[in-house]
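Here are the chains, one letter per residue:
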Amino acid sequence: MNERYSRQTRFPGIGPDGQARIASAEILIAGAGALGSAAAEMLVRAGVGTVTIVDRDYVEFSNLQRQQLYTEADAEARMPKAAAAEKRLKEINSSVEITGIIGEITPELLESYDHVDVIIDGLDNFETRMVINDAAQKAGIPFVYGACVSSYGLSYTVLPGKKPCLQCILGTVPGGGETCDTAGIIGPAVQLTASYQTAEVLKLLAGAEDQLRNGLIQYDVWANETRTMGVDRLKRHDCPSCGENPVYPNLERGARTQTAVLCGRDTVQIRPAKHVAFEELRRTLASYELQENPYLMQVKLEGHRVVLFHDGRALVHNTQEPSAALSLYQRYIGS
Ligand SMILES: [Zn+2]
């Protein structure tokens, strides 16, 4: 064990004490796409004690160019990312307690993880990111934000009570509307973002809070630009998430939608109020082209590939129209 982490403990910023703190720490990684994969692998190799990784999607061939935990076999079998990540991470470091959760990041899920030491952002959408922002503020947990698209990325560490939250700096966060679908993305932009995030996580876990980066860092690996923007002055005393009388608006039930267009996927996710059991689906969808693995079921309906999960969620492919996806779902599966 000593040998395993010897190079990391030799690094003065961590040392044996920092390593012991890292080993007893617990973290939550939100999303197991490109950023989540890269951060999870670094932190599991670094010996973080307990790691939970949550993702709602499954592996596809277009992920393999940058999502480092997954293989062709995972894409072939349409393995849920959380399950494939858990398996791979356990192979990397069996001494880490690793749990993959197939599902959504909801306020309820975050509440059951309100004891973790840090939450890491590996998400592809702002709606969920803001849910985490509020949950992290409420529980007083540091939240390491990161995002990337094309050849650029950014990262910022939210420290509850000390630094402005994402809600405060929202108007200043660059990049509007571009996704990996429209603009594409290259691996180095992912790796750099995950590295900036992971360095901050190691500082937090090792007790080196004084080393945390001050401000929001942005970079473009293609255009060779890097800059850090100070954000301290953006902290709002009346912020609904981190101000004097917080109401955590993003944890409200009404702030969550039933349908969501997935970034870069030409896919709409439906989260039904009441979900239909797989046994029933096997009967009602028997006359359609049905495929199943232990985690999900896939069926072809009117030219749309529809993937159904045990938690009730459905992904309707080949559309970006929530209303069309919902109507297809209601006609074949249930309301
Ligand atoms: Zn705020």
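The structure contained in this document is the topic of the report that follows. If you're wondering where the values come from, they're calculated on a predicted model, not measured in any experiment.

## Let's talk about the packing of aromatic side chains
In step 1: Scanning all chains against the criterion turns up two aromatic pairs.
In step 2: Ring geometry for Tyr 288 and Tyr 332: centres 5.6 Å apart, planes at 85°, overall edge-to-face. Residue Tyr 288 is found in the loop between helix 11 (278–284) and strand 11 (290–292), and its partner Tyr 332 is found in helix 12 (residues 322–332); the two are separated by 44 residues along the sequence.
In step 3: We classify Tyr 332 as partly exposed; its relative accessible area is 22%.
In step 4: Over the ring of Phe 309 we find Arg 313, and its NZ or CZ is 4.3 Å from the ring centre.

## Here's the deal with the pairing of strand 2 (residues 50–55)
In step 1: Of all six residues that make up strand 2, five are buried, and the element is covered over most of its length.
In step 2: The sheet contact formed by strand 2 and strand 3 (residues 97–102) spans six bridges and is parallel. Among the inter-strand pairings, Ile 53 is bridged to a residue of strand 3, identified as Gly 100.

## Thoughts on the packing of helix 2 (residues 15–23) against helix 10 (residues 187–206)
In step 1: The interhelical angle for the contact between helix 2 and helix 10, taken along N-to-C directions, is 100°, at an axis separation of 8 Å. By the angle between their axes, helix 2 is roughly perpendicular relative to helix 10. Contacts between helix 2 and helix 10 involve Gly 18, Arg 21 and Ile 22 from the former and Leu 202, Leu 205 and Ala 206 from the latter.
In step 2: Within the contact of helix 2 with helix 10, the residues separate by chemical class into four nonpolar, one polar and one charged.

## Digging into the sheet that holds strand 8 (residues 225–229)
In step 1: Ordered in space as 3-2-1-4-5-6-7-8, the eight strands form an open sheet in which the pairing is mixed. Each of the sheet's edge strands pairs with one partner strand only, and the pair in question is strand 3 and strand 8. On average, each strand axis in the sheet is inclined to that of its neighbour by 15°, with strand direction left out of account.
In step 2: Of the strand pairs in this sheet, strand 1 (residues 26–30) and strand 2 are connected by five bridges, and their pairing is parallel. Residue Ala 30 lies in a different strand from strand 2, and its bridge partner there is Val 54.
In step 3: The sheet strands contacting helix 5 (residues 81–92) are strand 2 and strand 3, and the helix crosses strand 3 at an angle near 165°.

## Some words on empty space enclosed by the protein
In step 1: All chains considered together, the criterion is met by one cavity of 30 Å³ or more.
In step 2: If you add up the space inside the largest cavity, you get close to 50 Å³.
In step 3: Those elements that place two or more of their residues in the lining of the largest cavity are helix 11 and strand 13 (304–309).
In step 4: Considered class by class, the residues forming the lining of the largest cavity number seven nonpolar, two polar and no charged.

## Considering the coordination of the zinc ion
In step 1: Every protein donor of the zinc ion is listed here as Cys 165 (SG), Cys 168 (SG), Cys 239 (SG) and Cys 242 (SG), and their distances to the metal cover 2.2 to 2.3 Å.
In step 2: Relative to the metal, the four donor atoms surrounding the zinc ion lie at angles of 97 to 128°, and the coordination shape comes out tetrahedral.
In step 3: Here the donor residues of the zinc ion share one chain and are spaced in sequence as C-x2-C-x70-C-x2-C. Of the two residues, Cys 168 sits in helix 8 (residues 166–169) while Cys 239 sits in the loop between strand 8 and strand 9 (259–262), which places them 71 residues apart along the sequence. Comparing Cys 168 with Cys 239, the two get one shared label, buried.

## Describing helix 2
In step 1: Regarding helix 2, the residues found buried are Gly 15, Gly 18, Gln 19 and Ile 22. Along the axis of helix 2, the buried residues cluster in a sector spanning 100°; they form a single face. In helix 2, the exposed residues that point more than 90 degrees away from the buried face are Pro 16 and Asp 17.
In step 2: The inward-facing, buried residues of helix 2 contact helix 1 (6–10) and helix 10.

Cut-off values and rules
- Residues numbered from 1 in each chain as written.
- Predicted model: local features only at pLDDT ≥ 70, side-chain atom pairs only at ≥ 80, totals over all residues.
- Heavy atoms only, no water.
- Phe/Tyr/Trp six-rings, centres within 6.5 Å; stacked < 30°, edge-to-face > 60°.
- Helix = DSSP H or I, 4+ residues; strand = E, 2+ residues; numbered from the N terminus.
- Buried < 20%, exposed > 50% of the residue type's maximum accessible area, 1.4 Å probe, protein only.
- Lys NZ or Arg CZ within 6 Å of the ring centre and 35° of its normal.
- Pairing = 2+ DSSP bridges.
- Axes fitted to C-alpha atoms, helices over the stretch in contact; angles between N-to-C directions.
- Parallel < 35°, antiparallel > 145°, perpendicular 65-115°, else oblique.
- Contact = heavy atoms within 4.5 Å.
- Nonpolar A, V, L, I, M, F, W, Y, C, P; charged D, E, K, R; others polar.
- 1 Å grid on protein atoms, 1.4 Å probe; cavity = no way out; pocket = protein on both sides within 12 Å on 5 of 7 lines; lining within 4 Å.
- Points joined across faces, edges and corners; volume = space filled by probe spheres on them.
- Donors = N, O, S within 2.8 Å, 3.2 Å for Na, K, Ca; no water.
- Tetrahedral: all angles 85-135°; square planar, octahedral: opposite > 155°, others 65-115°.
- Arc of directions from axis to C-beta.

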